[in-house]
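This is what each chain is made of:
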Amino acid sequence: VSGFAAAAYRFALAAVLSCFFMADRDRMLLRLELAIPCVWRRNAVRAGNEILRELRLYIRGQATIALAVGVLAMIGLWIIGVSGAPLLGLIVGIFNVIPYLGPVIGGVPAVILALSSSWQRALLTVAVLFLVQQIDGLVISPRVMGNITGFSPAVVLITLFLSAQIGGVWGMLLALPVMMALRTLYRVFVQRKES
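Heads up: these notes are all about the structure in this document. Keep in mind the model is a prediction, meaning the values are calculated, not measured.

Observations concerning helix H3 (residues 38–79)
Then, in step 1: End to end, H3 covers 62 Å across 42 residues, agreeing with the expected 62 Å (1.5 Å per residue, within 8%).
Then, in step 2: Two residues or fewer after H3 comes glycine 81, characterised by a positive phi angle close to 90 degrees.

Printed below as a string of structure tokens:
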């Protein structure tokens, strides 16, 4: 109970702080911009805008992957006769954003619902969800993220693998956004030197 209460407190605090930051966004950005020395200010603002654009693309890519996984899970669950397949597909898609544990957490309701029908259907549900995750991990995520980030699918897979080894779940969540931000900073630096 204490762990759940602490997690709920952190979530509520993050939500409240996010609201305050969004309400005061323009003033905070202006103060941050004025804190940068005049010599670097123009390039820093440009780099910040470019990084923001890249991160928006990343979030759009994650939403696309979640939608694709949710639709595949819905179709698979519907084919094997699990009731509530659209809602379960939505749950699987949403939780798919969380690496490693997300697909397991998202699949639990589907397995429990299928188990209430029969153990054979529960096994089929596990097989369908496993197949969907394999399709996502080997085809959907590398392709979508490769197209959006401009990295090849092989680079995306290698980056996710290495970041998982180094930083676990957080490493996987932050790997591509950090790579995109570093690439943007490098691009802005090179263009500054060329001009």
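Section: the pattern of salt bridges
Then, in step 1: All chains considered together, the criterion is met by three salt bridges.
Then, in step 2: Between arginine 53 and glutamate 54 there is a salt bridge, with its nearest N and O atoms 3.5 Å apart.
Then, in step 3: Accessibility expressed as a relative area gives 39% for arginine 53, which makes it partly exposed.
Then, in step 4: With relative accessibility at 4%, the residue glutamate 54 sits in the buried group.
Then, in step 5: Where arginine 183 meets glutamate 54, a salt bridge forms, and the shortest distance between an N and an O atom there is 2.9 Å. On the criterion of sequence distance, the pair formed by arginine 183 in helix H7 (residues 153–194) and glutamate 54 in helix H3 is long-range, its members being 129 residues apart.
Then, in step 6: Look at the salt bridges and you will find they share partners, linking Glu50, Arg53, Glu54 and Arg183 into a network.

A word on the packing of H3 against helix H4 (residues 85–95)
Then, in step 1: Orientation of H3 relative to H4, taken along the N-to-C sense of each, is 145 degrees, at an axis distance of 7 Å. Here H3 runs over H4; the crossing is right-handed. Touching Ala66, Val69, Gly70, Ala73, Met74, Leu77 and Trp78 of H3 are Ala85, Pro86, Leu88, Gly89, Val92 and Gly93, all from H4.
Then, in step 2: Split into classes, the residues belonging to the contact of H3 with H4 amount to 10 nonpolar, three polar and no charged.

Remarks on the nonpolar core
Then, in step 1: If you look at the biggest cluster of nonpolar residues, it comprises 23 residues, and the most contacted ones within it are Ile65, Leu77, Val82, Met145 and Leu176.
Then, in step 2: Sorting the residues of this core by element identifies H3, H4, helix H5 (101–115), helix H6 (119–149) and H7 as the ones contributing at least two each.
Then, in step 3: Counting residues per element, this core draws most heavily on H6, which supplies seven residues.
Then, in step 4: Those residues in contact with valine 82 that lie beyond four places of it in its chain are Leu77, Leu88, Ala110, Leu113, Ala114, Arg121 and Thr125.

A closer look at the environment of valine 82
Then, in step 1: Mapped onto the secondary structure, valine 82 falls in the loop between H3 and H4.
Then, in step 2: The class of valine 82 is buried, set by a relative accessible area of 5%.
Then, in step 3: Distance in space between the C-alpha atoms of valine 82 and threonine 125 is 7.9 Å, their sequence separation being 43 residues.

Comments concerning the side chain of threonine 125
Then, in step 1: With respect to the helices, strands and loops of the structure, threonine 125 is situated in helix H6.
Then, in step 2: Those residues within four positions of threonine 125 in sequence are excluded, and the remaining contacts are Leu77, Ile80, Val82, Ala110, Val111 and Ala114.

Remarks on the side chain of serine 141
Then, in step 1: The residue serine 141 is located in helix H6 in this model.
Then, in step 2: Classification of serine 141 by relative accessible area gives buried; the value is 16%.
Then, in step 3: A distance of 2.6 Å separates polar atoms of two side chains, one belonging to serine 141 and the other to aspartate 136.

What counts, and at which threshold
- Residues numbered from 1 in each chain as written.
- Predicted model: local features only at pLDDT ≥ 70, side-chain atom pairs only at ≥ 80, totals over all residues.
- Heavy atoms only, no water.
- Helix = DSSP H or I, 4+ residues; strand = E, 2+ residues; numbered from the N terminus.
- Expected span 1.5 Å × (residues − 1).
- Salt bridge = Lys/Arg side-chain N within 4 Å of Asp/Glu carboxyl O.
- Buried < 20%, exposed > 50% of the residue type's maximum accessible area, 1.4 Å probe, protein only.
- Axes fitted to C-alpha atoms, helices over the stretch in contact; angles between N-to-C directions.
- Left-handed = near helix turned anticlockwise from the far one by under 90°.
- Contact = heavy atoms within 4.5 Å.
- Nonpolar A, V, L, I, M, F, W, Y, C, P; charged D, E, K, R; others polar.
- Core = buried A, V, L, I, M, F, W, Y, C linked by side-chain atoms within 4.5 Å.
- Polar contact = N/O pair within 3.5 Å; in protein donor to acceptor, adjacent residues only side chain to side chain.

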